[in-house]
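Understanding the architecture of this molecule
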Amino acid sequence: MRALFEICLRRGWCTMTALFLEYCKAVDRQIWPHQHPLRQFERDLSLEILRKLEDKDAQLDHLYEMEENEIGALIRYFPGGKMIKQCLASFPFIHLSANISPITRTVLQVELVIFPEFVWKDRLHGAAQRWWILVEDSENEHIYHSELFTFTKRMARSGPQKLTFTVPIFEPCPPQYYIRAISDSWLQAEVFHTLSFQHLILPELHTPHTELLDLRPLPVTALGNRIYEGLYKFSHFNPIQTQAFHILYHTDKNVLLGAPTGSGKTISAELSMLHLFNTQPDMKVIYIAPMKAIVRERMNDWKKGLVPYLGKKMVEMTGDFTPDLKTLLSADIIISTPEKWDGISRSWQNRSYVMKVGLLILDEIHLLGADRGPILEVIVSRMRFISSQTARPIRFVGLSTALANAHDLAEWLGIDEVGLFNFKPSVRPVPLEVHIQGYPGKFYCPRMNSMNKPSYAAITTHSPSKPVLIFVSSRRQTRLTALDLIQFAAADDKPRQFLNIAEETIEMLISQVTDTNLRHTLQFGIGLHHAGLNDRDRTLVEELFANNKIQVLVCTSTLAWGVNLPAHLVIIKGTEYYDGKAKRYVDFPVTDILQMMGRAGRPQYDQYGKAVILVHEPKKSFYKKFLYEPFPVESSLKDHLHDHINAEIVAGTILRKQDAVMYLTWTFFYRRLVWI
């Protein structure tokens, strides 16, 4: 019976899926579906009470609304009214509410909030309750999304639970979809919620892109400065850098550069820095990176070249490092996380170095809609406000992936058509070939295990001798994946095929390694990279991989952001990770997947890169659709607005209601409200 239910669910048949699930539960409970659902409390209610409820055709909805004495009168047994009311309180019932937002014209994001409205009893509910969340189009009799959600006792007591997922939408737009939540074990425990599309506003039909012009690549001599030319080891700028060169290097205009990962956007940002050093050498550059890992990468990169070469002073501002006032005053370049710059720029009237900012570079600005997006939005809004108050123009340069609503973001940043470059996702200096493979396993760990052999096959097929990055979700998965790859290589009689260094040399290097798992895998040319390694081990692995001494590096997703280690082949083994707050596996943001894919293809060595994405079968069509479409950015300030307004009141920026309204008008959130 369960097999028939699974078949119907996989094929997306609404009615048959619900019917077979009902009969699965009937078999488990040994109760016919047409019998009263309170028969599931046979230990608490007598057969006589249950028969009377069935004779009176007392529906659950009516019983919920009735008082104890009314139920007692209905069954002509007043003590039974209290017993039935207690059972109703423990009957699994949930309430649903949902918000929908179109990501593109074909993809809809649903934020579902589940409110548990029953009393948890271990005897009845055990350790956890499982619910099927189905999104159905009743007109076409099809299920567009299915998900098994597990409710634990702790979750039920902690209040509402939030689920976020995506569903396809088609034109002409249907009037509504239905969300149906059905208990996996309790008969007649189900609830409907209607998703109305009556006032749904879809994005523009054709997203305007910047065409990549067929220009002759500019030589580095176009900089017209021998010192600046010495910064770069290459002879010519790539096509994207060439097209944006004049605006970045010869003007003060604000710029938004949307291009895929690996397009050389950092060098484009450096061009705007060089222009500031030429025209206003006393002004400061602020480089905002949304993650500590990116701050560290930028610090390490510029410490080796740009800073000592130009004789500039650079400081880092993260949770790990806060410079003193003297260092900040003397610094030419400040690299900061959004949180740190938010704290410093609040009291901008009393801090001269905040008013001496000439250029603000916003790396990965498409993360505006992510968890840390509200802080990023607030600091950009504040810096634009400071610029208007001090009459000192601050130049804004935003770097992002290809965007679906680049014009909205550009207007907020004060960018006109000349400074907007929004290239297609397919525009890359090194073209990318993407393979997406689906795996049907319901449970996470067995599904990850089933992906190990295809990962090995992908290496031998697509990159038998070139560097390979394998992204996994956890430290444990780095170890398990590496051990399986070693086993598969040994089965092919090539145990050390991934090792490109003499065994004596690797033995000497291994003796310096602290981590026991890394010590074992390095013998076979496979490195591990995760937050659990100490700095020395991590640096050794990065150097061995960068110099092609080991061919395979198995790493967690943080490597995609923090360390610039491109490879010929990137394998993304699973697109979910365990969220400690939600106590379940959730999907990586699409921005993370794009960042991982962006590590495929080495500009100096490869004519094309390859990415293999191994996903859960139901999500295959979503990734096929979305990875080739530009990414939309929405404000996520709404849920955190009260925190930021309170902070501005404390700082003295907001003194009256009118100040609060003025403060709002500088935000991207306000722009989105007005444009909609």
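For the structure itself, consult the block above.
Residues numbered from 1 in each chain as written. Predicted model: local features only at pLDDT ≥ 70, side-chain atom pairs only at ≥ 80, totals over all residues. Heavy atoms only, no water.

This part takes up the overall build of the protein. The number of helices and strands found in the protein is 29 helices and 22 strands. Over its C-alpha trace the protein gives a radius of gyration of 29 Å, about what one expects of a compact globule, namely 26 Å for 676 residues. Projected onto its principal axes, the C-alpha positions of the protein cover 100 × 75 × 50 Å. Looking at the 676 residues of the protein, the share that counts as buried comes to 53%. For the protein, contacts bridging at least 24 residues in sequence account for 71% of all contacts bridging at least 6. Accessible area of the protein: about 31200 Å², with a carbon and sulfur share of 52%. For the protein, the separation between the mean place of its 76 positive charges and that of its 72 negative charges on side chains is 4 Å. (Helix = DSSP H or I, 4+ residues; strand = E, 2+ residues; numbered from the N terminus. Rg over C-alpha atoms; globule rule 2.2 N^0.38 Å. Buried < 20%, exposed > 50% of the residue type's maximum accessible area, 1.4 Å probe, protein only. Contact = heavy atoms within 4.5 Å. Areas by Shrake-Rupley, 256 points an atom, 1.4 Å probe, with all protein chains shown as cover. Lys, Arg positive; Asp, Glu negative; His and termini not counted. Charge placed at Lys NZ, Arg CZ, Asp CG, Glu CD.)

Another aspect to go through is the sheet that holds strand β13 (residues 395-400). On the basis of which strands lie adjacent, the open sheet formed by 7 strands has the order β10-β11-β9-β12-β13-β8-β14 and parallel pairing. The sheet terminates laterally at β10 (314-317) and β14 (420-422), the two strands that pair on one side only. Strand-to-strand, the axes of this sheet are offset by a mean angle of 15°, without reference to chain direction. Where strand β8 (residues 255-258) meets β14, 3 bridges bridge the pair, whose relative direction is parallel. Residue pairing across strands places G258 opposite N422, the latter belonging to β14. Sheet strands in contact with helix α15 (residues 338-345) are β9 (284-288), β10, β11 (333-336) and β12 (357-362), and its direction is about 120° off that of β11. (Pairing = 2+ DSSP bridges. Axes fitted to C-alpha atoms, helices over the stretch in contact; angles between N-to-C directions.)

Moving on, we come to the packing of helix α19 (residues 452-462) against helix α20 (residues 475-491). Running from amino to carboxyl end, α19 crosses α20 at an angle of 60°, the nearest separation of the two axes being 9 Å. With respect to each other, α19 and α20 are oriented oblique. Between α19 and α20 the crossing geometry is right-handed. Across the interface between the two elements, N452, K453, Y456 and I459 of α19 pack against L480, T481, D484, L485, F488 and A489 of α20. Split into classes, the residues belonging to the contact of α19 with α20 amount to 6 nonpolar, 2 polar and 2 charged. (Parallel < 35°, antiparallel > 145°, perpendicular 65-115°, else oblique. Left-handed = near helix turned anticlockwise from the far one by under 90°. Nonpolar A, V, L, I, M, F, W, Y, C, P; charged D, E, K, R; others polar.)

Residues M1, L4, I7, W13, M16, L19, Y23, V27 and W32 make up a contiguous nonpolar surface patch of roughly 860 Å² in combined accessible area. Those elements giving two or more residues to the nonpolar patch turn out to be α1 (2-11) and α2 (14-29). The element that contributes the greatest number of residues to the nonpolar patch is α2, accounting for 4 residues. If you trace the backbone, W13 turns up in the loop between α1 and α2. (Patch = residues over 30% accessible without salt bridge, like charges linked within 9 Å, V, L, I, M, F, W, Y side chains within 5 Å. Salt bridge = Lys/Arg side-chain N within 4 Å of Asp/Glu carboxyl O.)

This next bit is on the pairing of strand β1 (residues 94-102). Bridge count for β1 against strand β2 (residues 107-116) is 9 bridges, and the pairing is antiparallel. Across the sheet, residue H95 finds its bridge partner in β2, namely F115. Between β1 and β2, which follow one another and run antiparallel, lie 4 residues.

Relative to the assigned elements, E139 resides in the loop between β3 (128-137) and β4 (142-152). For E139, a relative accessible area of 57% corresponds to the exposed category.

Moving on, we get to the sheet that holds strand β15 (residues 432-439). Sheet architecture is open: 6 strands sit in the order β15-β22-β19-β16-β18-β17, paired in parallel fashion. Each edge of the open sheet is held by one strand with a lone partner, namely β15 and β17 (526-529). Looking at each pair of strands side by side, their axes are set apart by 15° on average, direction ignored. Lying on the sheet, α19 is in contact with β15, β16 (468-472), β18 (552-556), β19 (569-573) and β22 (609-616); it crosses β19 at an angle near 170°. Contacts between helix α23 (residues 535-546) and the sheet are confined to β16, β17 and β18, with β17 contributing the most and set at about 135° to the helix.

Across the junction of E171 and P172, the peptide omega takes the value 0°, indicating a cis bond. As for its placement among the helices and strands, P172 is situated in the loop between β5 (161-168) and β6 (176-183). Phi at D57 takes a positive value of approximately 55°, unusual for a residue other than glycine. Using a relative accessible area of 52% as the deciding quantity, one classes D57 as exposed. Unlike most non-glycine residues, D493 shows phi in positive territory, near 60°. With respect to the helices and strands, the residue D493 is situated in the loop between α20 and α21 (503-510).

Ranked by internal contacts, the top residues of the largest apolar core, which has 67 residues, are I459, L469, I470, F471, V552, V554 and I571. Ignoring sequence-local partners within four residues, the contact set of F471 consists of C555, T556, S557, L559, A560, V570, I571, I572, K573, M596 and R599. One finds L96, W131, A156 and V167 within the second-largest nonpolar core, a separate group that totals 47 residues. (Core = buried A, V, L, I, M, F, W, Y, C linked by side-chain atoms within 4.5 Å.)

Positionally, S345 belongs in helix α15. For S345, the side chain forms a polar contact with the main-chain oxygen of W341, separated by 2.7 Å. Among the polar contacts listed, one links the side chain of S345 to the side chain of R382, at a separation of 2.8 Å. Those residues in contact with S345 that sit more than four places away from it in its chain are V354, I379, R382, M383 and I386. (Polar contact = N/O pair within 3.5 Å; in protein donor to acceptor, adjacent residues only side chain to side chain.)

To continue, consider the packing of α1 against α2. Helix-helix packing is described using two parameters, namely the angle between the two axes and the distance between the axes. One can describe the packing of α1 onto α2 by two numbers: an axis separation of 8 Å at closest approach and a directional angle of 160°. With respect to each other, α1 and α2 are oriented roughly antiparallel. Here α1 and α2 pass one another in a crossing that is left-handed. Across from R2, L4, F5, C8 and L9 in α1, the residues of α2 making contact are M16, T17, F20, L21, C24 and D28. Across the contact of α1 with α2, the residue classes tally to 8 nonpolar, 1 polar and 2 charged.

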